[in-house]
Every structure is written in structure tokens, then in C-alpha cells.
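Structural characterization, general
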Amino acid sequence: MIKYEGSVYRPPSEAYSLIVQATVGCTHNKCKFCTMFKEKKFHTRKTEDIIADFEWARKRYSQIPRIFLADADALCLSMDRLMPILEYIEAKIPECERVSIYGRATNIMRKSDDDLRLLRRHGLKMVYTGFESGNDQVLLNCRKGETRAELIDSIQRVEEAGIEESVMFINSLGGRELWREHAIDTGTAITEMNASYVSFLTLLTSPDAPMAEDIASGKMTLLTPEEVLAETYLMLENSHPKKSCVFRQNHASNYLSLKGNIPEDNERMMKQLKMAMENKGMLKDERFRLL
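One structure accompanies this document, and this report is about it. (Residues numbered from 1 in each chain as written. Predicted model: local features only at pLDDT ≥ 70, side-chain atom pairs only at ≥ 80, totals over all residues. Heavy atoms only, no water.)

Attention shifts here to the sheet that holds strand 4 (residues 66-70). Across the sheet, which stays open at both edges, the eight strands sit in the order 1-4-5-6-7-8-9-10 with mixed pairing between neighbours. At either margin of the open sheet sits one strand with a lone partner, and together these are strand 1 (18-21) and strand 10 (258-262). For this sheet the average axis-to-axis angle between neighbouring strands, irrespective of direction, equals 20 degrees. Direction of pairing for strand 6 (residues 124-132) relative to strand 7 (residues 164-171): parallel, over a ladder of six bridges. Note on strand 7: the bridge partner recorded for Val127 is Glu165. Sheet contacts for helix 6 (residues 148-160): strand 6 and strand 7; angle to strand 6, the most-contacted strand, approximately 165 degrees. Where helix 10 (residues 266-278) meets the sheet, it contacts strand 9 (245-249) and strand 10, and its direction lies at approximately 150 degrees from that of strand 10. (Pairing = 2+ DSSP bridges. Helix = DSSP H or I, 4+ residues; strand = E, 2+ residues; numbered from the N terminus. Axes fitted to C-alpha atoms, helices over the stretch in contact; angles between N-to-C directions. Contact = heavy atoms within 4.5 Å.)

What follows is the structure, given as C-alpha cells:
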């Protein structure tokens, strides 16, 4: 059977994908809001072990339309490590329509433009990147380890190589102290990066997350549900990418579900936000904001 080490996380849209760990854990693993990989010491898996997982799956599943290469940022692997994996999928799982992967900006920037185009030609069609906030101070506060400029540049390069980017931002990450800067700068980042997909999550902190200490000490103040909606409104108000971007706010953490395209549906979604701010009954109860 497929060998998994520790808890395995994947984006919501990869729910029905075959998930194989190419790496274990996260190369950074310092973000103050995240505890997903804290119990793991980062390491890469041997190529033969990864291929063995695919061989096991190939014998048991007649159709494998999508594959997700875990863990947190398997794009850190060198081209010499990534290409045998993609070539195996091409040869042995030809019905696979999409291979996707998490990718930090730091690891994307280590790939040349030719590298990215080669990965696309061999089946890598989507990269998921946690941008979190368009504001550099918020990124610094949460120990993201990357800057706004680096994130925008990396996403643009992935898109230019023909690979779709799915980019995640976190509402309330700046707290009440930096909510406006977080909102405006996130909106303008969406405008500049021109990604194919954008999703908004809302901050939920585990008790053992370092950010929980900031909240408990009063260093950071969480937004109320109504303030989160106002922040989202300001984000959308400042989002005007040149190409249409699929937008989703339907994560379990969100108080209000939204979906549409940016910028075409901004006005409609902003009207929904206004309605919800005036009618609290539209908001998800805290009891149901569980992961």
C-alpha cells in the first residue's frame, strides 16, 4: 500500500486525487499560524519509494485522473528528482489529466523559466502557493519567510510557463492592528500577480500555534465576523487583475461562502458581503468553523 508518514494535508480541490508524498513535512515550517507539519522533520523521499507508491496504485486503480504530490512544498525537489516522477506518470498513468503540487516562492525561484516550462510539458499543471497576505509587515509578523515582491514574481513566472497558480490568502491575519493594510495590499497583490485561482481562508489558530500566544497576550487582536467581512470587501474592492481569476471563499474556516470570478463578479460579491454585514444570520456559527 501507499506509505504515508504522519498526517497528510492537501488542498480542498484535491479531495479525489491520488496523493503521494514526494517529500515529508515543510522546508520552512516557521509560519506562526500553522501547526500542520510541526511533528515532522523535513526530508525528501527516495525516488524508488515514490515510484513504488505509484506502482501499487496503478495495479489497483483503473483510472487515476488527478495526482497531488505532497507534502508542503514538494517543488523544492531538484529537476533531477522531479522529472523521473513526472515521466513515470506520463508513461504508466497516461489518463492522468493533472499533476499538482504545493510550492513556496523560495522554491519556485530556484527553478529557471526553462525548468518550469519543462515541468509543464511533462504534466505539472497546477501549483498551490500560500501567499497569506499582500502586506510585507503582516508577512514578517507571521514569519512567512518570503516578501510580497518575491511571491508576486514567483506566481507570475509559474503562470507565464503555462502552469496554473492557485493562491491562498488568510483573512484576519493582520489582526485589528493591520487589517486595512492587509486588505488593501492583498487586493493589489491579486491585481499584480494575475493568478488563475485565488481563495480566501479565515484565520483559525490552534492552541499550540505560536500566533495563539500573540492573541492571548494582546499583541494581536482577532477581527469580529463583521470586521472580517469588511476586510474581505476591501480586498475585493482593490482586486483588478488583467485576466479573469476564479475566486473561492468556501473553506470551512470562512464565515460566509462566496464564489465568482475576479474582477467580473466583484460587484455582486461585494453586495453579498454588505448584506451579510447587515444580517448576521447569514454568517456561519463559530461551532461550525472546524477543520
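For the structure on display, the rule yields 15 salt bridges. The closest approach of N and O atoms between Lys40 and Asp71, which form a salt bridge, is 2.9 Å. In this pair, Lys40 is assigned in the loop between strand 2 (23-24) and strand 3 (43-44) and Asp71 in the loop between strand 4 and helix 2 (79-92), connecting sequence segments 31 residues apart. There is no split in this pair, since Lys40 and Asp71 are both buried. Across the salt bridge formed by Arg176 and Glu227, the nearest N and O atoms sit 3.1 Å from each other. Placement of the pair is Arg176 in the loop between strand 7 and helix 7 (179-193) and Glu227 in helix 9 (residues 225-237), with a sequence separation of 51 residues. (Salt bridge = Lys/Arg side-chain N within 4 Å of Asp/Glu carboxyl O. Buried < 20%, exposed > 50% of the residue type's maximum accessible area, 1.4 Å probe, protein only.)

On to the state of the cysteines. The tally for this structure, following the rule as stated, stands at zero disulfides. Here Cys76 is not cross-linked by a disulfide; its sulfur's nearest cysteine counterpart is in Cys26, at 9.1 Å. The thiol of Cys142 is not disulfide-bonded; the next cysteine sulfur, from Cys31, is found 5.7 Å away. (Disulfide = S-S within 2.5 Å.)

This brings us to the pairing of strand 6. In terms of burial, strand 6 is largely enclosed, as eight of its nine residues are buried. Where strand 5 (residues 98-102) lies against strand 6, four bridges are found, and the strand directions are parallel. Directly across from Tyr102, in strand 6, lies its bridge partner Tyr128.

The subject of this paragraph is unusual backbone geometry. Omega for the bond connecting Ala70 with Asp71 falls within 30 degrees of zero, at 5 degrees, which places this linkage in the cis form. A cis amide bond links Ile262 to the next residue, Pro263, at an omega of 10 degrees. Among the secondary structure elements, Pro263 is positioned in the loop between strand 10 and helix 10. Of note, the phi angle at Glu132 is positive, near 75 degrees, even though the residue is not glycine. Note that Glu132 resides in strand 6. You will see that Arg143, though not glycine, has its phi angle at about 60 degrees, which is positive. The topology assignment puts Arg143 in the loop between helix 5 (136-141) and helix 6.

Quick look at the side chain of Ser133 now. Topologically, Ser133 is positioned in the loop between strand 6 and helix 5. On the basis of relative accessibility, which here comes to 0%, the residue Ser133 falls in the buried class. In this structure the side chain of Ser133 is engaged in a polar contact, spanning 3.1 Å, whose partner is the backbone nitrogen of Asn135. A polar contact of 2.7 Å, which involves the side chain of Ser133, links it to the side chain of His182. Residues within four places of Ser133 in sequence aside, it is in contact with Val138, Leu139, Phe169, Leu173, His182 and Thr186. (Polar contact = N/O pair within 3.5 Å; in protein donor to acceptor, adjacent residues only side chain to side chain.)

In this structure the tally under the stated criterion is nine aromatic pairs. Pairing Tyr102 with Tyr128 gives two aromatic rings, centres 6.1 Å apart and planes at 70 degrees, and the pair type is edge-to-face. With Tyr102 in strand 5 and Tyr128 in strand 6, this pair connects stretches of sequence that are 26 residues apart. Pair check on accessibility: Tyr102 and Tyr128 agree, each one buried. Linked through ring pairs, Phe131, Phe169, Phe200 and Phe247 together constitute an aromatic cluster. (Phe/Tyr/Trp six-rings, centres within 6.5 Å; stacked < 30°, edge-to-face > 60°.)

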